[in-house]
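Now for the letters of each chain:
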Amino acid sequence: MTEIVDLSQEIYPGMPVFNGIPEVKMNIHATHEEWDKISGSKEQTPSVHKIEMGEHTGTHVDSLSHMDKAYREKSIDKMPLSMFYTEAFCLDFSTKGLNELISAQELEDKCKKARQIIKPGDTVLIYTDHYRRYFGTEQWSNGPGITENAARWLGEQGVSAFGVETMSPGVRKVSNKGVHKICGKLGFTHYENLINLHKLVGRGRFRFIALPLKIRGGTGSPVRAVAVFEDMG
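None of these values were measured; they are calculated from a predicted model. The written sequence of each chain sets the order in which its residues are numbered from 1. The predicted origin of the model limits local features to residues at a pLDDT of at least 70 and limits the giving and counting of side-chain atom pairs to 80 or more, whereas totals for whole chains, interfaces and linings rest on all residues. Excluded from the side-chain calculations are hydrogens and water; all other atoms, namely the structure's heavy atoms, are used.

Colleague: Give a detailed account of the environment of Thr45, specifying residues and quantitative values.
Modeller: Numbering of helices and strands starts at the N terminus; helices are DSSP runs of H or I of at least 4 residues and strands are runs of E of at least 2. Considering the arrangement of structural elements, one finds Thr45 in the loop between α1 (32–35) and β3 (46–52). Take Thr45: its relative accessible area is 27%, and that puts it in the partly exposed class. The spatial distance from the C-alpha of Thr45 to the C-alpha of Ile28 is 8.5 Å, given a sequence separation of 17 residues. Exposure classes here rest on a 1.4 Å probe applied to the protein chains alone. A residue is buried below 20% of its type maximum, exposed above 50%, and partly exposed in between.

Colleague: Tell me about the layout of surface pockets, and name the residues and values.
Modeller: In this structure, the largest pocket occupies an estimated 200 Å³ of space. The set of elements that each furnish at least two residues to the lining of the largest pocket consists of β5 (85–92) and α3 (104–113). For the lining of the largest pocket, the element with the most residues is β5, which contributes four residues. Site definitions follow a grid-based scheme: protein atoms alone, a 1 Å grid, a 1.4 Å probe that fits but cannot get out for cavities, and for pockets an open set with protein on both sides within 12 Å along at least five of seven lines, plus lining residues having an atom within 4 Å of a point. Grid points are joined across faces, edges and corners, and a volume is the space filled by probe spheres set on the points.

Colleague: Account for the sheet that holds strand β13 (residues 226–230), naming residues and giving values.
Modeller: As a general point, the strands of a sheet are linked pairwise by backbone hydrogen bonds and lie either parallel or antiparallel. Two strands qualify as a pair provided DSSP detects at least 2 bridges between them. The strand order across the open sheet formed by nine strands is β1-β13-β11-β5-β7-β9-β10-β4-β12, and the pairing between neighbours is mixed. Both outer strands of the open sheet, β1 (2–6) and β12 (220–222), are each paired with one neighbouring strand and no more. Taken over all neighbouring pairs, the strand axes of this sheet differ in orientation by 25 degrees on average, direction set aside. Across three bridges, the pairing between strand β11 (residues 206–209) and β13 is antiparallel. Looking across to β13, one finds that Arg207 is bridged to Val228. Contacts from α3 reach β5 and β7 (123–127), with the element oriented near 100 degrees to β5. Only the stretch in contact is used when fitting a helix axis, every axis being a line fitted to C-alpha atoms; angles between N-to-C directions are given from 0 to 180 degrees. Whether two residues touch is decided by their heavy atoms; if any such pair falls within 4.5 Å, the residues are in contact.

Set out below in structure tokens:
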């Protein structure tokens, strides 16, 4: 038996986006009534939508080119697909409050508590329960995040990526910019705006899949992130 856990937010007009990212706009571009040449119908059934949004909308992954000008050639279309198809596990930081930092030592301690050793190429997901507590509220942008040293520690373990529920991997105006810079320097990335991480805690390893769109020169991409548990018995 295979269980697939959806880790992705819906994309819709008016959804929360990071400050400065384009708002999502979604309009009917073509209808079935137009296709079938039905005139005078009061119903407009969409056959095609037009969507306008930034690359960093909803559940998404950052390219290395997003991290710093120095890595501008490492756009999302040039990053290996193996980075987005990995083994993973989830760490429980649900006791963290608004704008609280997660240190390298705390990550290491949580790995030991979960009896997990980070293997090269892993993705490490960080559950804080911020999504269920604050999504859609004025506190949504004030989530916990990792420190620069925590990012450096993850990179030194050889991860492909780490993932968070929050709008940014670090705490805004404290560690967030530095975390991005370290990801670029050490060659790993991160996912933002994940959901349903509470369904992964304490369950050990799983397959993590979050393939980006092949956007030429893209600085990131929305993903349909999933955790896959397979019964090998």
